[in-house]
Amino acid sequence: MSTVPTSPIAEAAPLSLCAREPHVPADRLVAEMVPPPRFDSVRFDTYVPDPQQPSQVEAVKVLSDFASGLGGAHATSSGRRRWFARTPKNTAPTGPRGVYLDGGYGVGKTHLLASLWHATPAEPSLKAFGTFVELTNLVGALGFQQTVQTLSGHRLLCIDEFELDDPGDTVLVSTLLGRLVDAGVALAATSNTLPGKLGEGRFASADFLREIQGLSAHFRPLRIDGEDYRHRGLPEAPPPYSDEQVTKAAYATGGASLDDFPHLLEHLAKVHPSRYGALTDGVRAVCLTDVRPVPDQSTALRLVVLADRLYDREVPVLASGLPFDKLFSDEMLNGGYRKKYFRAISRLTALARDAKALVAQ
């Protein structure tokens with residue numbers, strides 16, 4: 001059992017994520033459909049292409065042109081202006097009205113998608129940005145018809161991590177996108193790879209275009225090659241700390257949370273994933289003791305969502321126990337959700353690196 005430190009800079013006991021059960025109103029879900037805090041300041045000119053990957057340079061150019069092309073068009077809820085409708089013979093096409101960023105994890109797809117959102121000349125209220133999970137949560141909160149009505153006046157909808165591993169949700173969102181296309185909304189997306197299609201070097205473009213069926217002709221796939229930038233030329237993540245070090249850092253850091261990892265995993269099962277962002281409201285650092293392998297796939301997938309929300313919000317994670325690359329079993333890492341688990345490991349490793357300063361203070 002860790003003892004509570006008596007550091008003179010400790011002003012209060014740490015927060016506990018396990019003590020929180022947030023309730024998120026539907027209007028907050030809509031208002032929060034903007035790039036997450038980590039991507040507030042990203043722009044095309046802050047994206048650093050790998051000089052060995054010309055596809056990254058090409059993607060910046062294509063997306064910049066795409067954003068510029070959205071400046072003179074306006075979505076209408078009446079559907080009278082239909083960008084994706086058949087182009088009259090006497091009208092020259094103005095380029096793709098949908099883009100799909102196709103590549104592995106850590107090549108900067110989200111950075112580019114957020115840069116597109118920022119570069120599109122429209123008020124923030126006319127642009128929406130969210131993950132596939134956040135979009136399905138919005139439909140669950142508002143209902144299908146209300147979601148269509150809410151988003152149909154937008155100029156652009158960006159969907160990060162379009163999930164192709166749940167056929168039901170894929171059909172739901174594809175139907176939603178069809179309605180939004182009819183209303184004149186431009187689309188941009190990235191996606192996860194389908195189960196069974198996860199070999200090294202394989203991308204999801206064909207799977208994505210097939211799954212969205214009737215909309216596929218309106219997307220221009222942009223393949224983005226490269227290695228995970230989070231580990232490109234960076235030092236190895238720090239090893240886990242002791243329980244005592246983690247506890248002391250939690251008490252010495254204002255706004256830090258402190259939780260036992262197995263108990264946190266149990267608590268996540270009681271909170272809908274749409275609320276994981278709210279679960280971390282006001283948390284400046286997450287401190288975890290006794291990190292151990294996750295026991296099953298349902299728990300693992302919930303942890304992936306939490307890792308995404310922490311990464312979006314740039315919340316450092318300090319931990320004792322096993323290193324984060326030991327969270328998932330070999331069976332999980334070789335299964336249908338392999339890409340999600342590797343993304344979670346990559347992001348948690350980056351956040352663990354950010355947490356080094358908490359121990360040094």
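Residues numbered from 1 in each chain as written. Predicted model: local features only at pLDDT ≥ 70, side-chain atom pairs only at ≥ 80, totals over all residues. Heavy atoms only, no water.

**Q** I'm lost on the overall build of the protein chain in this one. Help?
**A** Per the secondary structure count, the protein chain includes 14 helices and eight strands. Evaluated residue by residue, the protein chain yields a buried proportion of 50% over its 361 residues. (Helix = DSSP H or I, 4+ residues; strand = E, 2+ residues; numbered from the N terminus. Buried < 20%, exposed > 50% of the residue type's maximum accessible area, 1.4 Å probe, protein only.)

**Q** Please clarify how unusual backbone geometry should be interpreted in this entry.
**A** Both trends apply: most residues other than glycine have a negative phi, and most peptide bonds are in trans. At D290, a position not held by glycine, the phi torsion is positive, near 60°. Of note in this structure, E314 is not a glycine but carries a positive phi near 55°. Turning to its location among the elements, E314 is positioned in the loop between α11 (297-312) and β8 (317-321).

**Q** How should the environment of A344 be read in this particular structure?
**A** Among the secondary structure elements, A344 is positioned in helix α13 (residues 338-354). Separated by 43 residues in sequence, A344 and L301 have C-alpha atoms that sit 9.5 Å apart. The contacts of A344, once residues within four sequence positions are left out, are V304, A307 and F328. (Contact = heavy atoms within 4.5 Å.)

**Q** Explain the side chain of R155 here, please?
**A** The residue R155 is located in the loop between α5 (144-151) and β3 (156-162) in this model. At 8.8 Å, E123 is the nearest oppositely charged side chain to R155, a buried residue that forms no salt bridge. A distance of 2.6 Å separates the side chain of R155 from the backbone oxygen of P121, its partner in a polar contact. (Lys, Arg positive; Asp, Glu negative; His and termini not counted. Salt bridge = Lys/Arg side-chain N within 4 Å of Asp/Glu carboxyl O. Polar contact = N/O pair within 3.5 Å; in protein donor to acceptor, adjacent residues only side chain to side chain.)

**Q** Is there a simple way to explain the sheet that holds strand β6 (residues 256-260) in this structure?
**A** On the basis of which strands lie adjacent, the open sheet formed by three strands has the order β6-β7-β8 and parallel pairing. Each having just a single partner strand, β6 and β8 make up the two edges of the open sheet. Neighbouring strand axes in the sheet, compared pairwise and without regard to direction, differ in orientation by 15° on average. Note: strand β7 (residues 285-291) against β8, four bridges, orientation parallel. Within the sheet, the bridge partner assigned to L288 lies in β8 and is A319. The sheet contacts of helix α8 (residues 243-252) involve β6, β7 and β8, and relative to β7 the element is tilted by about 160°. (Pairing = 2+ DSSP bridges. Axes fitted to C-alpha atoms, helices over the stretch in contact; angles between N-to-C directions.)

**Q** I tried to follow the pairing of strand β4 (residues 186-191) on my own but got confused; where do I start?
**A** Within a regular strand, side chains alternate between the sheet's two faces. Most of β4 sits inside the fold, with six of its six residues counted as buried. Side chains of β4 alternate between two faces, with A186, A188 and T190 and L187, A189 and S191 buried alike. Of the pairings in the sheet, the one linking strand β1 (residues 98-103) to β4 comprises four bridges and is parallel in character. In the sheet register, G98 faces β4, and the bridge partner there is L187.

**Q** Is there a simple way to explain the packing of helix α9 (residues 261-268) against α11 in this structure?
**A** Two quantities define a packed helix pair, namely the angle between the helix axes and the distance between the axes. One way to put it is that α9 packs onto α11 with a least axis distance of 10 Å and a crossing angle of 95°. Taken together, the axis directions place α9 and α11 in an arrangement best described as roughly perpendicular. Two secondary-structure elements touch here, α9 through F261, L264, L265 and L268 and α11 through T299, R302, L303 and L306. Grouping the constituent residues of the contact of α9 with α11 by class yields six nonpolar, one polar and one charged. (Parallel < 35°, antiparallel > 145°, perpendicular 65-115°, else oblique. Nonpolar A, V, L, I, M, F, W, Y, C, P; charged D, E, K, R; others polar.)

**Q** Help me understand the pattern of salt bridges in this model?
**A** Once their charged atoms are close, side chains differing in charge can pair, the charge on each being opposite to the other. Tallying each qualifying case throughout the model produces eleven salt bridges. Between D308 and R343 there is a salt bridge, with its nearest N and O atoms 2.7 Å apart. Here R343 lies in helix α13 and D308 lies in helix α11, a separation of 35 residues in the sequence. Look at D308 and you get buried, because its relative accessible area is 4%. Here R347 makes a salt bridge to D308, at a shortest N to O gap of 2.9 Å. With R347 in helix α13 and D308 in helix α11, this pair connects stretches of sequence that are 39 residues apart. You can call R347 buried: its relative accessible area is 5%. Each of E161, D308, R343 and R347 takes part in salt bridges that share partners, so that together they form one network.

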